[in-house]
Amino acid sequence: MKYPVTIYGDPLLRKKAKNIEKDDQKLKDIIENMWETMYYSDGVGLAAPQVGFSIRLFIIDAKSGADEEPEMKDFKKVFINPKIIETAGEEWVMNEGCLSLPEIREDVSRQDEIRLQYFDENFVEYEEVFKGFAGRVIQHEYDHLEGILFVDYLSPLRKRLLKSKLSAIATGKIRPHYRIKVSGKIL
Ligand code: NI
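Counting starts from 1 at the beginning of each chain's written sequence and moves along it residue by residue. Per-residue local features of the predicted model are confined to residues with pLDDT of at least 70, and side-chain atom pairs are confined, for both listing and counting, to 80 or more; whole-chain, interface and lining totals are unaffected and use all residues. Derived side-chain values reflect all non-hydrogen atoms in the structure, with water molecules and hydrogen atoms excluded from consideration.

Attention now moves to the overall build of the protein. In terms of helices and strands, the protein carries 3 helices and 8 strands. In this description a helix means any DSSP run of H or I spanning at least four residues, a strand means any run of E spanning at least two, and both kinds are numbered starting from the N terminus. Taken from N to C terminus, the helices and strands of the protein fall in the order β-α-β-β-β-β-β-α-α-β-β. Once the C-alpha set of the protein is aligned to its principal axes, its extents read approximately 45 × 40 × 30 Å. Here's how the labels work: a residue is buried when its accessible area is under 20% of the maximum for its type, exposed when over 50%, partly exposed in between, all with a 1.4 Å probe on protein chains only. Taken over 187 residues, the protein has a buried fraction of 49%. Residue-level accessible areas treat just the shown protein chains as cover; the underlying method is Shrake-Rupley with a 1.4 Å probe. Accessible area for the protein stands at about 9900 Å²; split by element, carbon and sulfur atoms hold 49% of it.

Attention now goes to the pattern of salt bridges. Whenever Lys or Arg places a side-chain nitrogen within 4 Å of a carboxyl oxygen from Asp or Glu, that contact is recorded as a salt bridge. Within this structure, the stated rule accounts for 12 salt bridges. Residues Lys16 and Glu146 are paired through a salt bridge, measuring 3.2 Å at the closest nitrogen-oxygen approach. With Lys16 in the loop between β1 (5-6) and α1 (27-40) and Glu146 in the loop between α2 (132-145) and α3 (156-170), the pair connects residues that are 130 residues apart, well separated along the chain. Of the charged contacts, one joins Lys63 and Asp61 as a salt bridge, the two residues approaching to 3.0 Å between their closest N and O atoms. The structure contains a network of salt bridges with shared partners spanning Glu96, Arg110, Arg136 and Asp143.

This next bit is on the environment of Gly45. With respect to the helices, strands and loops of the structure, Gly45 is situated in strand β2 (residues 45-47). With relative accessibility at 7%, the residue Gly45 sits in the buried group. Each C-alpha atom of the pair Gly45 and Leu27 lies 17 Å from the other, and the pair is 18 residues apart in sequence. Those residues in contact with Gly45, other than ones at most four positions away along the chain, are Met38, Gln50, Ile59, Ile60, Leu99 and Glu141. Here, two residues are considered to be in contact whenever any of their heavy atoms come within 4.5 Å of each other.

What follows concerns the pairing of strand β6 (residues 125-130). Note on pairing: two strands pair once DSSP finds at least 2 bridges between them. Across 6 bridges, strand β5 (residues 106-119) lies against β6 in antiparallel orientation. Of the residues in β6, the one forming a bridge with Arg115 is Val129. Hairpin connection from β5 to β6: 5 residues lie between these consecutive antiparallel strands, with Phe123 at a positive phi of about 60°.

With that out of the way, let us pick up the nonpolar core. Remark: nonpolar core denotes a set of buried residues (Ala, Val, Leu, Ile, Met, Phe, Trp, Tyr, Cys) joined through side-chain atoms within 4.5 Å. Of all hydrophobic cores here, the largest spans 37 residues; its most connected members are Tyr8, Leu27, Met34, Leu57, Ile80, Leu101 and Val151. For this core, the elements supplying multiple residues, two or more each, are α1, β3 (57-61), β4 (76-96), α3 and β7 (180-182). Looking at this core, the element that brings in the most residues is α1, giving 6 residues. Filtering out sequence-adjacent residues up to four positions away, Met34 remains in contact with Tyr3, Leu46, Ala47, Ala48, Val51, Leu57, Phe58 and Ile59.

The following block contains the structure:
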């Protein structure tokens, strides 16, 4: 089942998401539906708050980064209760987009490297370092669990220039090909 994607302006996207209990019975279904929603929407990653669940979970399939980084070809992972322990490396700029902000792409600067503690879908615990494209996408998705969106990093000038587009998004005037949820209504 595909979920509608919660769109910019919804307070849920601004909440700090809650930790997940190991015995959460609904989790398997949620993860399966999130994969379906993400592939249908052509996303690289999807965080649970984007589909209406304020829980600490995101999924990533980074194979679109394989042009530049061949090792991304098989990068398909579920991240549960992730915790960034350390951020390191040089800042670099990448043009980012987000399913909750359709038709906006902006350059965002982030540090290259993160050390992440997380659980997979079987609740096996990992601690790993991610860099490059993977590190980038993880930071973007992790932000969703903290109530942060990539437009928050833009300069005041850039934000001013995007103001009318952002309000068009928040009022459902910009319609992507996937179903969206705008101020409680499914479009
Ligand atoms: Ni996003």
